[in-house]
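What follows is each chain in one-letter form.
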Amino acid sequence: MTTDTTGAAARDDASRPGGPADSPFVRACRRQPVPHTPVWFMRQAGRSLPEYREIRANVAMLESCRRPDLVTEITLQPVRRHKVDAAILFSDIVVPVAAAGVDLDIVPGTGPVVAEPVRTAADVQRIRPIGRDDVPYVDEAVRMLVKELGDTPLIGFAGAPFTLASYLVEGGPSRNHVKTKALMYGDPELWHALAGRLAEVTLAFLRVQIAAGVSAVQLFDSWAGALSEADYRRFVLPHSTTVLSGLADAGIPRIHFGVGTAELLGAMGEAGADVVGVDWRTPLDVATRRIGPDKAVQGNLDPCLLFAPWPVIEAEVRRILDEGRAAPGHVFNLGHGVLPETDPEVLTRVVALVHELSARPAEGA
Ligand SMILES: Cc1c2[nH]c(c1CCC(=O)O)Cc1[nH]c(c(CCC(=O)O)c1C)Cc1[nH]c(c(CCC(=O)O)c1C)Cc1[nH]c(c(C)c1CCC(=O)O)C2
């Protein structure tokens with residue numbers, strides 16, 4: 001038997017009627033009619049769930065990402081509990097960078113910390129290209145998940161070049177991205193070398209996930225909102241385009257997400273996205289005008305709203321569904337990740353409410 005490295009066999013199976021490629025989530029991404037508005041939550045697998053905290057009690061974050069059995073169980077937890085319309089692979093944006101040879105760790109309560117920040121051409125050279133054999137645990141986890149999930153689609157993901165570069169250049173999480181911007185403005189050639197290298201790593205990492213059978217991918221440029229549109233277009237867009245447009249041949253939906261990106265929504269769509277993620281600062285109808293009629297939107301409940309009384313949450317869900325009708329496709333989500341203190345029962349209720357309020361009778365019924 002030959003090993004399928006293109007994902008073609010998995011895709012053929014996935015596109016059977018009612019299969020993951022025909023799911024409400026994938027259909028909404030493709031701007032096709034749906035029986036209800038699909039919903040999932042960024043960071044749905046994670047610290048808000050007691051069953052997750054239990055499994056992670058004695059396992060470090062990066063280690064858990066490298067164990068297909070744990071990745072599979074953690075990814076499935078929110079699907080079982082909340083009945084969301086999609087699963088997202090449990091991993092972290094720094095996993096491929098670590099596989100590319102960067103010495104880093106994920107420190108509890110802090111986030112990714114890089115031992116030797118990347119600041120010179122020699123540092124950039126040390127970031128190696130990656131392939132399937134550098135991340136075998138991701139390939140295995142995706143294949144196990146695709147089997148376990150049946151008709152529920154699995155979303156693969158990666159960090160975008162700017163957000164990854166920020167962790168590498170700063171050496172860890174950063175509020176103002178000062179060193180990153182200093183490098184970008186002070187040494188554009190080195191910046192483009194770094195962002196170009198990260199784009200290659202990201203593209204390869206997503207290709208591994210696609211070959212293993214994910215039904216969609218999301219590119220997280222969480223911190224791109226720190227840039228003006230002009231600087232985004234000059235320093236970041238070409239590299240995110242390498243990734244997203246580079247995946248056009250895969251034929252699966254590509255979601256492009258960032259926070260604080262009101263001014264960047266049009267450009268982020270242009271990078272080669274089928275769906276643009278929108279945070280809570282921009283209403284979805286306004287976002288749709290900026291993105292254009294040929295892309296779907298994803299979002300955009302403020303994660304803090306989940307701490308409000310239920311009637312307030314219900315009114316906000318209604319408003320977002322109404323505003324989402326202006327878009328040619330809408331995937332309901334938060335505007336950023338689930339906060340660790342969130343009551344998981346509220347998330348389950350939001351899923352049921354989105355399904356109930358958006359239910360459309362089947363054609364001809
Ligand atoms: C900010 C951060 C990173 N990495 C980490 C942090 C959090 C630091 C902290 O609060 O303790 C560390 C991290 N990453 C993840 C965890 C475990 C789960 C959890 O936080 O609930 C932890 C502790 C999973 C993850 N990390 C990520 C996912 C993505 C998939 C998803 O949305 O579920 C998961 C499960 C992706 C990630 N990872 C990172 C970014 C910027 C992103 C993009 C999404 C975002 O802006 O939040 C870097």
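As recorded in an unreviewed UniProt entry, the chain goes by Uroporphyrinogen decarboxylase and comes from Micromonospora gifhornensis. The UniProt entry for the chain carries this comment under Subunit (unreviewed entry): "Homodimer."

A. Up close: the sheet that holds strand S9 (residues 330-334). Pairing in this open sheet of seven strands is parallel, and the strands run S1-S4-S5-S6-S7-S8-S9 from one edge to the other. Two strands close off the open sheet at either side, each with one partner strand: strand S1 (87-88) and S9. In the packing of helix H15 (residues 310-324) onto the sheet, contacts are made with strand S8 (296-301) and S9, and the angle to S9 comes to roughly 145 degrees.

B. Summary view of the pattern of salt bridges. Evaluated as defined, the whole model comprises 19 salt bridges. Between Arg281 and Asp279 there is a salt bridge whose closest N-O contact spans 2.4 Å. The residue Glu314 makes a salt bridge to Arg318 at a minimum N-O spacing of 3.5 Å. On the criterion of helical spacing, the pair formed by Glu314 and Arg318 is a turn pair, its members being four residues apart in helix H15. Each of Arg132, Asp133, Asp139 and Arg143 takes part in a single network of salt bridges with overlapping partners.

C. Local environment of the site of the ligand. Near the ligand you find 22 residues, and of these Arg43, Arg47, Asp92, Ser222 and His336 are the closest. A distance of 2.8 Å separates an oxygen atom of the ligand from a polar atom in the backbone of Arg47. At 2.6 Å from an oxygen atom of the ligand is found a side-chain nitrogen or oxygen belonging to His336. Contact with the protein chains removes 89% of the 840 Å² of surface that the ligand exposes when unbound. A majority-of-atoms criterion places the ligand in the largest pocket. Here the residues of the shell around the ligand are counted per class, giving twelve nonpolar, seven polar and three charged.

D. Looking closely at the packing of aromatic side chains. Counted according to the given criterion, the structure contains five aromatic pairs. Between Tyr52 and Phe90 the ring centres are 5.6 Å apart and the planes differ by 55 degrees, which places this aromatic pair in the tilted class. Of this pair, Tyr52 sits in helix H3 (residues 50-56) while Phe90 sits in the loop between S1 and helix H6 (95-99), placing them 38 residues apart in sequence. The interplanar angle of 75 degrees and the centroid separation of 5.8 Å between the aromatic rings of Phe220 and Phe257 together place this pair among those described as edge-to-face. Of this pair, Phe220 sits in strand S5 (residues 216-220) while Phe257 sits in strand S6 (residues 254-257), placing them 37 residues apart in sequence. Relative accessible area serves as the criterion here: at 1%, Phe257 is assigned to the buried category. Ring-pair connections join several aromatic residues into one group, and the members of that group are Phe157, Phe220 and Phe257. A cation sits over an aromatic face here: Arg349 above Trp310, 4.0 Å from the ring centre.

Criteria and cut-off values
Residues numbered from 1 in each chain as written. Predicted model: local features only at pLDDT ≥ 70, side-chain atom pairs only at ≥ 80, totals over all residues. Heavy atoms only, no water. UniProt positions renumbered as here; feature names shortened; annotations may be inferred. Pairing = 2+ DSSP bridges. Helix = DSSP H or I, 4+ residues; strand = E, 2+ residues; numbered from the N terminus. Contact = heavy atoms within 4.5 Å. Axes fitted to C-alpha atoms, helices over the stretch in contact; angles between N-to-C directions. Salt bridge = Lys/Arg side-chain N within 4 Å of Asp/Glu carboxyl O. Near = heavy atom within 4 Å. Polar contact = N/O pair within 3.5 Å; in protein donor to acceptor, adjacent residues only side chain to side chain. Areas by Shrake-Rupley, 256 points an atom, 1.4 Å probe, with all protein chains shown as cover. 1 Å grid on protein atoms, 1.4 Å probe; cavity = no way out; pocket = protein on both sides within 12 Å on 5 of 7 lines; lining within 4 Å. Sits in = over half its atoms within 2 Å of the grid points. Nonpolar A, V, L, I, M, F, W, Y, C, P; charged D, E, K, R; others polar. Phe/Tyr/Trp six-rings, centres within 6.5 Å; stacked < 30°, edge-to-face > 60°. Buried < 20%, exposed > 50% of the residue type's maximum accessible area, 1.4 Å probe, protein only. Lys NZ or Arg CZ within 6 Å of the ring centre and 35° of its normal.

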